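# Close look at the chain arrangement
Okay, here's what each chain looks like letter by letter:
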Amino acid sequence: MTREIFISGEHQRRDGDAEPAPRRSSGAVRVGVPLSAVPLIVSCNGIQSALDPAGEEARQVATLFWVMTVGGLAIWAGVIALALYASRWKRGAITTEAAGRLIVWGGVVFPVTVLTALLAYALWLMPSLRPFGDQTQAGLRVEIVGSQFWWRVVYHRPDGSSIVSANEVRLPLGRRVEFSLTSSDMIHSFWIPALGGKMDLIPGRTNRLSLQPTKSGTYRGQCAEFCGRSHALMAFPVVVMQPGDFESWLAARASASPGVVESRSAETLFLRHGCGDCHRVDGTQARGTSGPDLSHVGSRLTIGASLMTNDAETMARFIAHSQSLKPGSLMPTYLDMPSADLDAISAWLKGLQ
Amino acid sequence: MSAAPPPDRDKVAEEAQLRTVWATPEGWRYWTSVNNTQVGLWYGSAAFAFMLFAGLLGLLIRAQLAVPENDLLSAETYNQVYTLHGTVMMFLFAVPIFEAVAIFLLPPMLGARELPFPRLGAFGFWSFLIGGVFVCGSIFFGAAPNSGWFMYPPLATSEQAGIGADIWLLGLSFIEVASLAAAVELIVGIMKCRAPGMRVNLMPLFAWYLLIVAGMILFAFPPLIAGDLLFEMQRMFDWPFFDPERGGDPLLWQHLFWIFGHPEVYIIFLPAIALLAMIVPTFAGRPIVGYSWIVLAAVGTGFLSFGLWVHHMFATGLPQISLAFFSAASGAVAIPTGVQIFVFIATMLAGRVIFSTPMLFAMGGLAIFVMGGLTGVMVALVPFDWQAHDSYFVVAHLHYVLIGGMLFPVFAGLYYYYPLINGKRMSDRVGRLAFWLMFTGFNIAFFPMHLTGLRGMPRRVYTYPADIGWDWLNLISTLGAAVLGIGMFAVVVDVTLNRRRQPRGEQNPWYAGTLEWISEPEENWGVRSIPRIESRYPLWDQENLAREVKSGAWYLADAREGRRETLVTSVLDAEPEQVLRVGGTSYVTIISAVTLGTVFVALTFKWWIVSLVAGLAFVAAVIWWLWTGTGEIPEKERKDIGRGVSLPLYASGVKSTGWWAMFITMTGDGTAFASLVFGYFFFWTIHQDFTGGVAGPGVYWPMAALSLFAAAWAATVGAREVNRRGGVGAARVLLVIGALASAAGCAAALAGPWTTGMDPTAHVYPAIVWVLVSWAAVHGAVGILMLLYCLARSLAGRLTRRHDMELHNVALYWHFVMVTALVTFGVVGLFPEAL
């Protein structure tokens, strides 16, 4: 079984760029970094890397990490050098009194000092990283519902209207966005390493997360809490856009896609094969909610929750082979669907821009 | 204090007699042995075998992740493999290996012939083996648990978890019983069976650590057992403890699991440090520096470890203030850990170090562990943990902690203590080769994972996409794992090497100072005679001690009465109190373990009848075990143990080891009960109206039950007192009254929720009420069995006015039941009224 997985190396997009165009799947994947930088141990480029921050929290935590790493390596080297000196290199022995003093200074005084400083730093960071409920700051609220193995994404605009999407998160650059996180089945965890830390989605509870993107580009998020068979395949692209572009993008999602009327026959096939029982397509009779909303599925970067790039061919493959591509998901396999139907439905869905 | 043995004693006959009494059975009966030497060795070998099995699973994981989008393992198989890898390493290797080492080493180290309950130890081993094989075997049927070793609901309570979840819950509950049995054995052994004169401040550090760890097991495992109970009630009977639709909460499991799970890490780590605390002084050629420091640090670690569990839950959305508290506590545990490491460094600095193979493993372990400790401080900080949590960074961290803090010290211990098994040494050459393979392999495998995790790779994924920066890191990790595997294999070869041609080495090849090096691998009796100890390192400080002990110049040098005997001493000062006759070779331990194992296995498959029958057989086996093997009235009051000391052969009440065992068992039992009560109040805190509109059990029946339990308790205490004053007949009447009151109490307990029609599947409130009253009722029922047992012993003349240890132990049991009843019926009956 081969499978392409959507990648974008072009996350260092210039400000002012609109959303990246969905790329075709075939061929080698471009990596948007100079080749010379690739093999270095500390090269932290990656669309899912906490060490290549594109958000306020991720930036602060990356700094914290580097401070602790340098300090930690120094402490490690010191302790090991001392242990090696004590066991291998030294000639004479020190007195018991001197050894006792070493225990006090090395085992008590030193760690207490370092830990107090470190803890103070981290506790001081905490409230500023996730300031909740500040309405002047959080204009946009994004509701995320985790399900095996996909994400429902609902944008709640300040005017009270909401727009339903799935398996892709788009955010305005520089704005603080508040997420409310729930789950429809298992515990999942919502994690966009480039923007900030994770937060669990727990049935029966609503958790909150606050993120502020600081660099536009395309990143990747992923479920971080083991949630069942295809936990590994529960990811999503994250697109950070210029606020203006974001607003117009969102506005375009508020109504049915013009693609709906392109092929009424495909729409009929879609409904006849029962797709509408689980999926909703705005402007049609398809009103199911147990699966991802497909109203504008053609404009998404990936399908199958970041499983494959999005084109009519991968769409058809996903419909026909969903269980082998994504074991344990609720989406049934449509191996028996006539290929003409399959092609028509896939093309129509791809056209839902 | 040296003294020649009296000339009139025939030492050859003495030794022959000791040898007969302590003989290891031959043929297939070998497996009915209960002696600590055999049981310890079996226990250790089984744990080691489980470790190799889990290691192979680990290699499978690495093979699958070597390249992106690999299809070597299916998603389902991978999930079973990683779940079992963690589960087996934690429950079937890391904890049991120390119970094994402790059972093997403690008697000679403490100067005892045997631990106080050898049959309990053997029972624990057989339970462990049966449960372990059951859990491990499941993967060959594709039925292994697949929800992670942490088993979070709702995934693990769902259909998707399959029978694997039941295997995990029931198989491991069974193994936890074994762990608790070992904890009871070790605590009583360390407190009551030390050589005369070995005051607590002279105890070998290994004993101190094991005492602390066994205590931790006592408080850490019961919350998991309580959690398992709730979990299995939900899986089997749909009681909604973790179902938010009916008032439950999946987070309750996370709390109960990690209240167990975090101390578990220290339960694993502290005994490894204990091994280092024996090894380092030996090779530094001097006593440990800062004995009090290291003991205090170990106690401190034990305490702190119970206050850290929430750091596994930083991303669950708990209030930031509680995150801050647990963050601080998690960082603070680095301080006692630092003290322990610096005690070793200071000891080496103040001595002259011989860099042997055990020291090589010890230092390698230190280098790895310190790294894991430092990353531990990093993840203790909440903001960093939000990124690192559930990523490969944590995989790296935990392996640095456990392999550096546990596996390497265990191998150091293996190379160090191997001569105690057969008088021969493992190969230095192979050992050094294995060390370097393991050390480099480990670091190549796990160091890159820090980076893999921060580059965003989550844990527990069976596949990952190419080209997002994880490919070559994973490939390197897999290559490293292979090297680590080869290193482990080298150790396995070294352990199993045929050493028939190697001459038997010196008895104390490393010139160590502690008492265990007196023991002779050829003899089963632990120590030939039990010396008086005046130093922490008696072999260094007490001249001629080894010779005197071996010539039988000290206490209890004979087994004239043909019984296995060891000394019981006082808890703090180790002054001789009693000669304890311990159980010998028997198959009752195997029968008990097999029947109890059948109960758990049958429950897994929902074979109710089999389970019930096996349960009755188990109760019968235990009663037979107790009837024939405990509380025996000796043929004489006192025994002369030499050097003019004569000790009683029978003790009851607080002086008897049985009383302590009951006390310790019931402490663990009480902890499990407290966890259930915690659950009750947890549900109360998370809901506006936690009853969900369901009527409670009322006040009448709970109060009636409480009164009846109080009556049963009073009758039991009364029976003990009346019997002591000679009123044997009145005592028997009181025992009957107690049993009847208890039976009525059990019925009244259940009548509360029954009469108000509380449906445990409707909502979590009736479910938790039913669990609490059932818990009390089961304890009442066991109490009835105990009272009737005492009655039968009294009628059979095995329980008399003077020899009344059963009555003391049962009264102690009833003290605990009384507290349980007070809390249970107060909570279910009165608490809702107070709202």
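Here the structure is a predicted model, which is why all the values come from computation and not from measurement.

## Points about the overall build of chain B
- Regarding its fold elements, chain B presents 25 helices and four strands.
- A compact globule built from 835 residues should have a C-alpha radius of gyration of about 28 Å, and chain B, at 27 Å, falls within 12% of that.
- When its C-alpha atoms are laid out on the principal axes, chain B stretches across 80 × 70 × 50 Å.
- For chain B, with 835 residues in total, the buried portion stands at 61%.

## Re the overall build of chain A
- Helix and strand counts for chain A come out as six helices and twelve strands.
- A buried classification covers 46% of the 353 residues belonging to chain A.
- The long-range fraction of contacts in chain A, counting pairs at least 24 apart against all pairs at least 6 apart in sequence, stands at 65%.

## Describing the interface of chain B and chain A
- Counting residues at the interface gives 75 residues for chain B and 79 residues for chain A.
- Among the secondary structure elements, those contributing two or more residues to the side of chain B that touches chain A are α3 (75-110), α7 (250-284), α9 (320-332), α10 (334-349), α11 (357-380) and α12 (382-388) of chain B.
- For the side of chain B that touches chain A, the leading source of residues is α10 of chain B, giving twelve residues.
- Its residues assigned to classes, the side of chain B that touches chain A shows 48 nonpolar, 18 polar and nine charged.

## Here we look at the domain arrangement of chain A
Residue and element names in this part refer to chain A.
- On domain assignment, one finds that chain A holds domain 1 (1-92 + 130-245) and domain 2 (258-295 + 311-350).
- With 15 residues of domain 1 at the contact, the number on the domain 2 side is eleven residues.
- Considering every element that reaches the side of domain 1 that touches domain 2, the biggest residue donor is strand β3 (residues 162-166), with three residues.
- For the side of domain 1 that touches domain 2, the residue count by class is six nonpolar, six polar and three charged.

## So, the confidence of the model for chain A
- Here chain A averages 86 in pLDDT, and 85% of its residues register 70 or above.
- Mean pLDDT values for the elements of chain A range from 89 in strand β1 (residues 138-147) of chain A up to 98 in strand β6 (residues 188-191) of chain A.

## Let's talk about the pairing of strand β10 (residues 235-241) of chain A
All names here are of chain A.
- β10 sits mainly inside the fold: seven of its seven residues count as buried.
- Side chains Ala-235, Pro-237, Val-239 and Met-241 of β10 all project onto a buried face; the interleaved residues Phe-236, Val-238 and Val-240 project onto the opposite face, where all are buried too.
- Bridge count for strand β4 (residues 169-172) against β10 is four bridges, and the pairing is parallel. By the bridge assignment for β10, Leu-171 is matched with Val-240.
- As paired strands, strand β9 (residues 217-223) and β10 are joined by six bridges and run antiparallel to one another. Across the sheet, the residue bridging to Arg-220 is Pro-237, located in β10.

## Some words on the sheet that holds β10 of chain A
All names here are of chain A.
- Read from one edge to the other, the open sheet built from five strands follows the order β4-β10-β9-β6-β7, with strand pairing classed as mixed. The sheet terminates laterally at β4 and β7 (199-201), the two strands that pair on one side only. Taking each pair of neighbouring strands and ignoring which way they run, the sheet shows an average axis angle of 25°.
- Contacts from helix α3 (residues 243-252) reach β4 and β10, with the element oriented near 135° to β4.

## Describing α10 of chain B
- With 16 residues, α10 of chain B should reach 22 Å at 1.5 Å per residue; the first-to-last C-alpha distance of 22 Å fits that figure.
- Of all 16 residues that make up α10 of chain B, 15 are buried, and the element is covered over most of its length.

## Notes on the pairing of β9 of chain A
Residues and elements named next belong to chain A.
- Among the seven residues that make up β9, seven are buried, leaving the element largely enclosed by the rest of the structure.
- Of the two faces of β9, the one lined by Gly-217, Tyr-219, Gly-221 and Cys-223 and the one lined by Thr-218, Arg-220 and Gln-222 are each fully buried.
- Looking at chain direction, β6 and β9 are connected through two bridges and run antiparallel. Counterpart to Trp-191 in the pairing with β9 is Gln-222.

## What about the nonpolar core?
Residue and element names in this part refer to chain B.
- Counting residues in hydrophobic clusters, the biggest one holds 395 residues, and the most contacted among them are Leu-106, Tyr-209, Leu-210, Ala-274 and Ala-277.
- Of the residues forming this core, the biggest block, 25 residues, is contributed by α7.
- For Leu-106, the residues in contact, after removing those within four places along its chain, are Leu-115, Leu-186, Gly-189, Ile-190, Ala-207 and Leu-210.

## Points about the packing of helix α19 (residues 588-604) of chain B against helix α20 (residues 608-629) of chain B
All names here are of chain B.
- Relative orientation of the contacting elements α19 and α20 amounts to 155°, with a least axis distance of 8 Å. Taken as axis vectors, α19 and α20 run roughly antiparallel relative to one another. The two elements α19 and α20 cross, and the hand of that crossing is left-handed. In this structure, α19 uses Val-588, Ile-591, Ser-592, Thr-595, Leu-596, Thr-598, Val-599, Ala-602 and Leu-603 to contact α20, whose residues at the interface are Val-610, Ser-611, Ala-614, Gly-615, Ala-617, Phe-618, Ala-621, Val-622, Trp-624 and Trp-625.
- Residues that form the contact of α19 with α20 fall into these classes: 14 nonpolar, five polar and no charged.

## Section: unusual backbone geometry
- Note that the residue after Gln-148 of chain A, namely Phe-149 of chain A, is joined by a cis bond; omega there is -5°.
- Topologically, Phe-149 of chain A is positioned in the loop between β1 and β2 (150-156).
- Cis geometry marks the peptide bond from Pro-153 of chain B to Pro-154 of chain B; its omega dihedral reads 5°.
- Relative to the helices and strands, Pro-154 of chain B is located in the loop between α4 (118-137) and α5 (162-192).
- Positive phi values are uncommon outside glycine, yet Asp-390 of chain B reaches one of about 55°.
- Structurally, the position occupied by Asp-390 of chain B is in the loop between α12 and α13 (392-417).

## Regarding the packing of α7 of chain B against α13 of chain B
All names here are of chain B.
- One way to put it is that α7 packs onto α13 with a least axis distance of 8 Å and a crossing angle of 40°. One way to sum up the angle between α7 and α13 is to call them oblique. For the pair α7 and α13, the sense of crossing is left-handed. Counted together, Ile-268, Phe-269, Ala-272, Leu-275, Leu-276 and Ile-279 of α7 and Leu-402, Gly-405, Met-406, Pro-409, Val-410, Ala-412, Gly-413 and Tyr-416 of α13 form the full contact between these two elements.

## Some details on the environment of Ala-316 of chain A
Residues and elements named next belong to chain A.
- Within the secondary structure layout, Ala-316 lies in helix α5 (residues 312-325).
- Since 22 C-beta atoms lie within 10 Å of it, Ala-316 is described here as buried.
- For the pair Ala-316 and Leu-73, spaced 243 residues apart in sequence, the C-alpha to C-alpha distance is 51 Å.
- Ignoring any residue separated from it by four or fewer positions in sequence, one finds Ala-316 in contact with Leu-342, Asp-343 and Ser-346.

Cut-offs applied
- Residues numbered from 1 in each chain as written.
- Chains lettered and ligands numbered in written order.
- Predicted model: local features only at pLDDT ≥ 70, side-chain atom pairs only at ≥ 80, totals over all residues.
- Helix = DSSP H or I, 4+ residues; strand = E, 2+ residues; numbered from the N terminus.
- Rg over C-alpha atoms; globule rule 2.2 N^0.38 Å.
- Buried ≥ 20, exposed ≤ 12 C-beta atoms within 10 Å, placed from the backbone.
- Contact = placed C-beta atoms within 7 Å.
- Nonpolar A, V, L, I, M, F, W, Y, C, P; charged D, E, K, R; others polar.
- Domains from an automatic or database assignment.
- pLDDT = per-residue confidence, 0-100.
- Pairing = 2+ DSSP bridges.
- Axes fitted to C-alpha atoms, helices over the stretch in contact; angles between N-to-C directions.
- Expected span 1.5 Å × (residues − 1).
- Core = buried A, V, L, I, M, F, W, Y, C linked by C-beta atoms within 7 Å.
- Parallel < 35°, antiparallel > 145°, perpendicular 65-115°, else oblique.
- Left-handed = near helix turned anticlockwise from the far one by under 90°.

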